[in-house]
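Analysis of the macromolecular model
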Amino acid sequence: MELASNQDVRIVNELSWQVPLVSYEVSYSRIKRFKMDILMKMLLLTFQEADIRRPAALAEMLLVEELFIRDLIDKMLHTQLIRLDPKGYRLTEKGYGQLEKGIFEEAMDDENAIVFFSAAHNRYWLTEEVQDKKQADGPVYRYAPEPSTDKSRIQELLAQEKDTAEEGYQVLVADVLTVEELGHDAMPCIEFQLYDRKQDLFYARVWNTQSGMWDEVLQKQIEKQELVAWREAMASQESSAEHA
């Protein structure tokens with residue numbers, strides 16, 4: 001944090017405060033997506049065109065072992081690609097959709113993740129665990145809005161971080177099931193209000209102690225709200241000095 005290296009720049013003010021964070025435990029569902037194999041396509045196409053109730057009849061028609069047919073029918077019933085009515089097996093809306101795309105999707109076990117949210121940054125991110133630490137001393141960041149929960153954005157984050165592609169299939173985040181608030185934490189920051197005499201320019205620098213970097217998001221928020229006031233304060237001080 002070398003702010004004093006430029007002799008034309010002076011620190012007008014220095015503040016310490018904390019950005020509120022909220023942690024959530026999120027449960028989400030996943031699916032495994034395959035390219036549909038030939039036998040499954042043949043069965044779905046057959047159910048689309050003919051009235052078939054007995055797997056044995058289908059095995060004879062397709063010259064395939066009945067055991068394979070039964071296993072595949074059970075899987076398609078379980079994943080709701082087909083249903084059985086009095087006339088025979090029928091494709092569901094889901095079955096028609098997956099047949100048209102040539103894709104088979106199978107549900108996997110649900111997973112959990114821990115997500116942090118900073119309303120000041122309007123940003124969600126994943127973390128391995130909630131850190132057990134005391135909340136930092138000092139006031140709360142003056143421009144931090146009230147936090148809110150957005151399941152669609154959490155799902156986008158999980159998809160970016162958790163979707164994977166393996167040889168022959170993909171594992172995808174299907175839906176966010178629950179979002180449970182775990183607690184509140186804080187991100188300590190140090191704010192510097194600076195004036196460049198040479199350029200006659202006020203600006204802010206905010207050191208984010210959690211990231212170990214200058215925080216451009218918070219800097220821009222402060223400058224948008226306060227640059228005019230800083231310049232007016234300097235003009236007032238100069239006017240007072242002249243009349244002293």
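Bear in mind that the values here come from a model prediction, so they are computed numbers and not experimental data.

With respect to the nonpolar core
It is characteristic of soluble globular proteins that their nonpolar side chains tend to be buried jointly. Membership of the largest hydrophobic core comes to 19 residues, with the highest contact counts inside it found for Leu43, Phe47 and Met76. Going through the elements one at a time, α1 (38-49), α2 (55-62), α3 (66-78) and β3 (88-91) are the ones with two or more residues in this core. In this structure, Phe47 is in contact with Ile52, Leu58, Ile73, Met76, Ile82, Tyr89, Arg90 and Leu91, ignoring residues within four places of it in sequence. Phe116, Ala120, Cys189 and Phe202 belong to the second-largest nonpolar core, a separate cluster that totals 17 residues.

Considerations on the packing of α1 against α3
Contact geometry for α1 and α3: axes closest at 11 Å, N-to-C directions at 75 degrees. Judged by the inter-axis angle, α1 sits roughly perpendicular to α3. For the pair α1 and α3, contact is made by Leu39, Met40, Leu43, Leu44 and Phe47 and by Ile69, Leu72, Ile73, Lys75 and Met76, respectively. Residues that form the contact of α1 with α3 fall into these classes: nine nonpolar, no polar and one charged.

Looking at the packing of aromatic side chains
To describe a pair of aromatic rings, one takes the distance between the centres and the angle between the planes. Across all of its chains, the model carries eleven aromatic pairs by this definition. Where Phe47 meets Tyr89, the ring centres are 5.1 Å apart and the plane angle is 40 degrees; that geometry is what we call tilted. With Phe47 in helix α1 and Tyr89 in strand β3, this residue pair connects regions lying 42 residues apart in the sequence. Here Tyr89 falls in the buried class, since its relative accessible area comes to 7%. Above the face of the Trp214 ring, Arg205 is positioned so that its terminal group lies 4.2 Å from the ring centre.

Points about the pattern of salt bridges
Considering all chains together, one arrives at nine salt bridges under this definition. Among the ionic pairs, Arg33 bridges to Glu105, the shortest N-O distance being 2.6 Å. Note that Arg33 is positioned in strand β1 (residues 9-35) and Glu105 in strand β4 (residues 103-107), a separation of 72 residues in sequence. A salt bridge links Asp85 to Arg90; its shortest N-O distance comes to 3.7 Å.

Brief notes about unusual backbone geometry
Unlike most non-glycine residues, Gln80 shows phi in positive territory, near 65 degrees. You can see Gln80 is positioned in the loop between α3 and β2 (82-85). Even without a glycine there, the phi angle at Asn122 is positive, about 50 degrees. Structurally, Asn122 can be placed in the loop between β5 (111-118) and β6 (123-127).

Here's the deal with the pairing of strand β9 (residues 201-208)
As paired strands, strand β8 (residues 169-196) and β9 are joined by eight bridges and run antiparallel to one another. Within β9, the position partnered with Gln193 by the bridge is Ala204. Hairpin connection of β8 to β9: four residues between the antiparallel strands, including Asp200 at a positive phi of 50 degrees. In this structure, β9 lies alongside strand β10 (residues 213-214), joined through two bridges in antiparallel fashion. Pairing of Asn208 across the sheet is with Met213, part of β10. A loop of four residues connects β9 with β10, the two strands running antiparallel in sequence, and Gly212 in this loop sits at a positive phi of about 70 degrees.

Remarks on the domain arrangement of the protein
We note that the domain assignment places domain 1 (9-29 + 109-242) and domain 2 (37-101) within the protein. Each of domain 1 and domain 2 was reduced to a C-alpha centroid, and the two centroids are 52 Å apart.

Calculation notes
Each chain carries its own residue numbering, running from 1 in the direction its sequence is written. Only residues with pLDDT of at least 70 get local features here, since the model is predicted, and only at 80 or more are side-chain atom pairs given and counted; chain-wide, interface and lining totals rely on the full set of residues. Here the side-chain values reflect all heavy atoms present in the structure, with hydrogen atoms and water set aside. Throughout, nonpolar core names a set of buried Ala, Val, Leu, Ile, Met, Phe, Trp, Tyr and Cys residues whose side chains join them through atoms within 4.5 Å. Residue burial is assigned from relative accessible area. The probe radius is 1.4 Å, only protein chains are included, and a residue is buried under 20% of its type maximum, exposed over 50%, and partly exposed in between. Note on conventions: DSSP H or I runs of at least 4 residues are helices, E runs of at least 2 residues are strands, and numbering of each starts at the N terminus. The criterion used for residue contact is that any of the two residues' heavy atoms lie within 4.5 Å. Lines fitted to the C-alpha atoms define the axes, with helices restricted to the stretch that makes contact. Angles between their N-to-C directions range from 0 to 180 degrees. Between 65 and 115 degrees an angle is taken as roughly perpendicular, under 35 as roughly parallel, over 145 as roughly antiparallel, and anywhere else as oblique. Classification convention: Asp, Glu, Lys, Arg as charged; Ala, Val, Leu, Ile, Met, Phe, Trp, Tyr, Cys, Pro as nonpolar; all other residues, Gly among them, as polar. Any Phe, Tyr or Trp ring, taking Trp's six-membered ring, that has another such ring centre within 6.5 Å forms a pair; planes under 30 degrees apart are called stacked, those over 60 apart edge-to-face, and the others tilted. In this scheme, Lys NZ or Arg CZ marks a charge over a ring once it lies within 6 Å of the ring centre and within 35 degrees of the ring normal. Salt bridge criterion: a side-chain nitrogen from Lys or Arg within 4 Å of a carboxyl oxygen from Asp or Glu. Note on pairing: DSSP must find at least two bridges between two strands before they are called paired. The source of the domain bounds is an automatic or database domain assignment.

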